[in-house]
Amino acid sequence: MDQDQRGLSPQSSKSSSHQNQVSRSKEFQLDFFIQKKFTSDDFKSILEETQQKYSIKSIYVSQKNEIPELEGLAFTIDDPVENKMNAKCDAVLHILQSFQERCKQQINIILLIPEGIVSFLIGSKGSQLAKIIEETNAKITVNQPIANYSPRTVKIVGDLNTINCAIRAITKKMQERGISQEDYKKVPEALNPQKVNSKAKLIFQSSAVDYIMKNKNEVENKYHVQIKAKDSNDIKLTQKCKLKRDDKIVQLQGSLSNVQDALSSLIRRVSEHQKKQELEIKIVMPASYASKLIGAKGCQIRDLATKSKGAQIKVLSDKDETDHDYNCIVQIAGNLQNKQDASKLILQQIECFKNGGPIMDSGKFLNDENQISQLSNNYDDFNKIKRQKSSSISERNSRSRSQSRRKHKHQKKRSIEKRSVSSSYSKRRERANVLSTKMIISNEVMHILERYDKLREYKERFNVDTQAEDSRRNSESYLRLKGKLKDCLIVIEEILNEQQKILRK
């Protein structure tokens with residue numbers, strides 16, 4: 001397969017043998033669009049000055065390339081002479097520098113490329129574009145096609161040097177392949193439900209699957225689809241989507257429109273069959289589509305719920321969106337009509353993702369303020385691309401390590417808390433075990449203790465502080481003791497023994 005036929009472009013392509021016969025040029029015009037907030041009143045004079053400075057044949061405002069419903073100006077840099085691409089890129093940089101000096105803010109630019117070269121630029125699973133992002137460190141977004149607008153928009157964000165490097169890298173790739181007139185004529189095609197072949201996998205309880213398989217011939221003949229019961233080992237599900245013991249998988253295959261109608265019929269039939277039991281609708285979908293179906297801040301899934309008149313749609317997925325090996329589950333709840341409508345919309349959306357994504361009604365979504373409300377094929381996150389290159393095993397190990405770290409951190413915190421409590425309790429116990437008391441002994445015993453240096457001995461042997469008070473009454477003396485209860489008792493016993501010796505004498 002020709003490399004430019006791989007990738008994420010939703011359009012149909014002509015055969016590689018035909019494309020090999022088409023003449024492609026290494027020198028081509030560069031088309032750009034810049035938003036109004038970054039332009040100035042002397043836009044045309046800047047273009048004329050740049051044209052003269054870099055000896056470019058033609059730099060002009062291109063009204064035909066203006067993006068629908070997005071305020072700004074489109075311009076074209078054209079010179080068919082060979083080896084002029086560097087001069088064209090230098091001219092773009094000069095124009096951007098002039099705009100930035102006037103508007104005094106960081107600007108971005110939209111590169112307009114022929115629809116026929118989009119899939120080549122993106123590459124298989126985004127590899128080509130990922131490499132450009134890695135080399136230039138620019139944020140590059142290959143946006144979804146716009147209805148009735150033939151060029152594809154590529155938004156480039158960064159400082160002037162980064163934008164310049166990105167434009168040069170993209171044009172270099174385009175030169176490697178070359179551009180033909182067929183590439184300019186190619187237009188995006190909307191998804192045709194009658195022509196697109198679809199394989200829908202759904203999860204039902206075993207009782208519902210048994211009923212479906214028993215009556216499948218009638219549905220197959222009526223809607224021209226194939227219905228098969230699949231083994232649970234045939235698909236890899238994320239950990240969050242583990243099947244229940246009595247869950248089974250059913251696959252419907254046929255044109256998208258027929259599969260949608262067949263699924264609606266099955267939902268109605270099974271719901272009527274098991275009247276007392278609520279029917280759960282679970283659609284199996286590649287985990288890599290999870291974030292696309294949800295949309296920025298949930299805008300896409302909310303739109304689907306609104307269109308299906310209140311269906312409750314939930315995406316169950318715990319894998320990274322770049323994990324192409326695993327599947328997730330889309331759960332649908334609501335009344336019968338909600339389930340039927342939501343199922344049709346979700347199947348159509350999944351097929352749309354498989355074929356490159358939807359065609360936008362206008363270019364409003366390219367505005368920074370409105371971008372989160374629309375869906376786009378976004379490749380501007382270099383970290384996501386790096387994760388995409390790593391294997392799924394590595395990702396699972398990484399997640400496992402992350403969970404292990406969180407668990408260890410939690411255990412460490414609990415251990416510290418326990419030690420803190422234990423330490424506090426030990427201190428309280430220690431304070432409770434310390435004895436500070438006063439002992440009354442005879443002057444004779446005190447004299448012997450002082451004479452034979454017994455008090456210092458008690459301090460060294462038993463770690464008990466002993467201090468004789470000066471205040472004495474008659475034939476008795478006061479002796480202070482302070483230390484652990486057990487040690488103090490031993491010292492008291494020693495002093496009493498000395499007293500007994502004196503008494504015996």
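Heads up: the structure comes first, above all this text.
What you see is a predicted model; the values in this text were computed from it and never measured. In every chain, residue numbers begin from 1 and rise along the written sequence. With the structure being a predicted model, the display of local features is reserved for residues of pLDDT at least 70 and the display and counting of side-chain atom pairs for 80 or more, all residues being used for whole-chain, interface and lining totals. Based on all heavy atoms of the structure, the side-chain values leave hydrogens and waters out of the count.

### Some remarks on the overall build of the protein chain
Working step 1: Each helix and strand counted, the protein chain has 18 helices and 15 strands in total.
Working step 2: Here's how the labels work: a residue is buried when its accessible area is under 20% of the maximum for its type, exposed when over 50%, partly exposed in between, all with a 1.4 Å probe on protein chains only. Taking all 505 residues of the protein chain together, 45% fall into the buried category.
Working step 3: The contact definition used throughout considers only heavy atoms, calling two residues in contact when any of these lie within 4.5 Å. Intrachain contacts of the protein chain at a sequence separation of at least 6 include 75% that bridge at least 24 residues. Only DSSP runs of H or I covering at least 4 residues are called helices, and only runs of E covering at least 2 are called strands; the numbering of each starts at the N terminus.

### Observations regarding the side chain of Gln251
Working step 1: Tracing the sequence through the fold places Gln251 in strand S9 (residues 247–255).
Working step 2: On the basis of relative accessibility, which here comes to 5%, the residue Gln251 falls in the buried class.
Working step 3: Residues within four places of Gln251 in sequence aside, it is in contact with Lys199, Ala200, Lys201, Gln226, Ile227, Lys228 and Lys230.

### Side note on helix H6 (residues 160–177)
Working step 1: In this model H6 runs 26 Å from its N-terminal to its C-terminal C-alpha over 18 residues, within 8% of the 26 Å that 1.5 Å per residue would give.
Working step 2: You can read the cap of H6 off the contacts: a side-chain oxygen lies 3.2 Å from the backbone nitrogen of Asn161, and it is on Asp159.
Working step 3: Of the residues trailing H6, Gly178 is marked for its positive phi of about 90 degrees. To estimate how far a helix should reach, multiply one less than its number of residues by 1.5 Å. Any N or O atom pair separated by 3.5 Å or less is treated as a polar contact, with the protein-specific requirement of one donor-capable and one acceptor-capable atom, and with residues adjacent in sequence counted only for side-chain atom pairs.

### Considerations on the sheet that holds S9
Working step 1: Any two strands are treated as partners once DSSP identifies two or more bridges connecting them. With antiparallel pairing, six strands are arranged side by side in an open sheet as S8-S9-S7-S10-S12-S11. With partners counted over all chains shown, the strands left at the sheet margins are strand S8 (226–230) and strand S11 (312–316), one partner each. For this sheet, the mean angle separating the axes of adjacent strands, direction not counted, is 30 degrees.
Working step 2: With three bridges joining them, strand S7 (residues 197–205) and strand S10 (residues 281–286) adopt antiparallel strand pairing. Among the inter-strand pairings, Lys201 is bridged to a residue of S10, identified as Val284.
Working step 3: Only the stretch in contact is used when a helix axis is fitted, and all axes are lines through C-alpha atoms; the angle between N-to-C directions ranges over 0 to 180 degrees. Its contacts with the sheet put helix H10 (residues 256–273) on S7, S8, S9 and S10, and the angle it makes with S9 is roughly 140 degrees.

### Regarding the environment of Thr153
Working step 1: When you line up the elements, Thr153 lands in strand S6 (residues 152–157).
Working step 2: The spacing of Thr153 and Glu115 is 38 residues in sequence and 9.2 Å in space, taken between C-alpha atoms.
Working step 3: Those residues in contact with Thr153 that lie beyond four places of it in its chain are Ile67, Ile110, Leu111, Leu112, Thr141, Val142, Asn143, Ile146 and Leu366.

### Thoughts on the packing of helix H12 (residues 299–307) against helix H13 (residues 336–354)
Working step 1: Viewed as axis vectors pointing N to C, H12 and H13 meet at an angle of 140 degrees, and their least axial separation amounts to 9 Å. Taken together, the axis directions place H12 and H13 in an arrangement best described as oblique. Here the hand of the crossing between H12 and H13 comes out right-handed. Where H12 approaches H13, its residues Gln300, Leu304 and Lys307 are matched on the opposing element by Leu345, Ile346 and Gln349. Geometric relationships in this document are graded by angle, where less than 35 degrees denotes roughly parallel, more than 145 denotes roughly antiparallel, 65 to 115 denotes roughly perpendicular, and other angles denote oblique. Left-handed is the label given to a crossing in which the near helix is rotated counterclockwise from the far helix by less than a right angle, and right-handed is the label when the rotation is clockwise.

### Overview of the nonpolar core
Working step 1: In terms of nonpolar packing, the biggest core is built from 50 residues, with Phe204, Leu252, Ile283 and Ile313 touching the most fellow members.
Working step 2: The greatest single-element share of this core, amounting to seven residues, is contributed by H10.
Working step 3: Ignoring sequence-local partners within four residues, the contact set of Ile313 consists of Ile301, Leu304, Ala305, Ser308, Val330, Gln331, Ala342 and Ile346.
Working step 4: By convention a nonpolar core is built from buried Ala, Val, Leu, Ile, Met, Phe, Trp, Tyr and Cys residues, the set being connected through side-chain atoms within 4.5 Å. Listed in part, the 47 residues of the second largest apolar core include Leu96, Leu111, Ile113 and Ile133.

### A few points about the packing of aromatic side chains
Working step 1: Each aromatic pair joins two rings of Phe, Tyr and Trp (for Trp, the six-membered one) with centres within 6.5 Å, and gets the label stacked for planes under 30 degrees apart, edge-to-face for over 60, and tilted for any other angle. Within the structure shown, the criterion is met by four aromatic pairs.
Working step 2: Geometrically, the ring pair formed by Phe43 and Phe99 is stacked, given 5.3 Å between the ring centres and 5 degrees between the ring planes. Residue Phe43 is found in helix H2 (residues 43–53), and its partner Phe99 is found in helix H3 (residues 85–103); the two are separated by 56 residues along the sequence. Of the two residues examined, Phe43 and Phe99, each falls in the buried class.
Working step 3: One aromatic cluster is present, built from ring pairs that chain together Phe32, Phe43, Phe75 and Phe99.
Working step 4: Here the basic side chain of Lys236 rests over the ring of Tyr326, its NZ or CZ set 5.9 Å away from the ring centre.
Working step 5: Positioned above the aromatic ring of Tyr478, the side-chain terminus of Lys438 is 5.2 Å from the ring centre. Two thresholds decide whether a charge sits over a ring: the Lys NZ or Arg CZ must be within 6 Å of the ring centre and within 35 degrees of the ring normal.

### Some words on empty space enclosed by the protein
Space left empty within the atom packing is revealed by a probe, the size of a water molecule, rolled over the atoms.
Working step 1: A pocket here means an open set of points on a 1 Å grid, computed over the protein atoms alone, that has protein on both sides within 12 Å along at least five of seven lines. A cavity is instead a set of points where a 1.4 Å probe fits but cannot get out; residues with an atom within 4 Å of a point line either one. Grid points are joined across faces, edges and corners, and a volume is the space filled by probe spheres set on the points. Summed over the entire model, instances satisfying the criterion amount to two cavities of 30 Å³ or more.
Working step 2: What lines the largest cavity is simply Ile203, Phe204, Gln205, Ala208, Asp247, Gln274, Glu278, Leu279, Glu280 and Lys282.
Working step 3: Here the lining of the largest cavity gets three residues from one element, more than from any other, and that element is S7.
Working step 4: Only Asp, Glu, Lys and Arg are considered charged in this grouping, and only Ala, Val, Leu, Ile, Met, Phe, Trp, Tyr, Cys and Pro are considered nonpolar; every other residue, Gly among them, is considered polar. Split into classes, the residues belonging to the lining of the largest cavity amount to four nonpolar, two polar and four charged.
Working step 5: Here the second largest cavity is characterised by a volume of approximately 50 Å³.
Working step 6: Gln29, Leu30, Asp31, Leu111, Leu112, Ile113, Pro114, Met174 and Tyr184 together form the lining of the second largest cavity.
Working step 7: Element by element, the count of residues in the lining of the second largest cavity is highest for strand S4 (residues 109–113), at three residues.
Working step 8: Within the lining of the second largest cavity, the residues separate by chemical class into seven nonpolar, one polar and one charged.

### Points about the pattern of salt bridges
Working step 1: One speaks of a salt bridge when a side-chain nitrogen belonging to Lys or Arg is within 4 Å of a carboxyl oxygen belonging to Asp or Glu. Taken as a whole and judged by the stated rule, the model has 20 salt bridges.
Working step 2: Ionic pairing is found between Asp210 and Lys248, a salt bridge with its closest N-O pair at 3.7 Å. Of the two residues, Asp210 sits in helix H8 (residues 206–214) while Lys248 sits in strand S9, which places them 38 residues apart along the sequence.
Working step 3: Residue classification places Asp210 among the partly exposed residues on the basis of a relative accessible area of 45%.

### Quick look at helix H17 (residues 454–462)
Working step 1: Taken together, the buried positions of H17 are Leu455, Tyr458 and Phe462. The buried residues of H17 occupy an angular sector of 65 degrees when the element is viewed end-on, so they sit on one face. Think of the arc as the fan of directions from the helix axis to the C-beta atoms.

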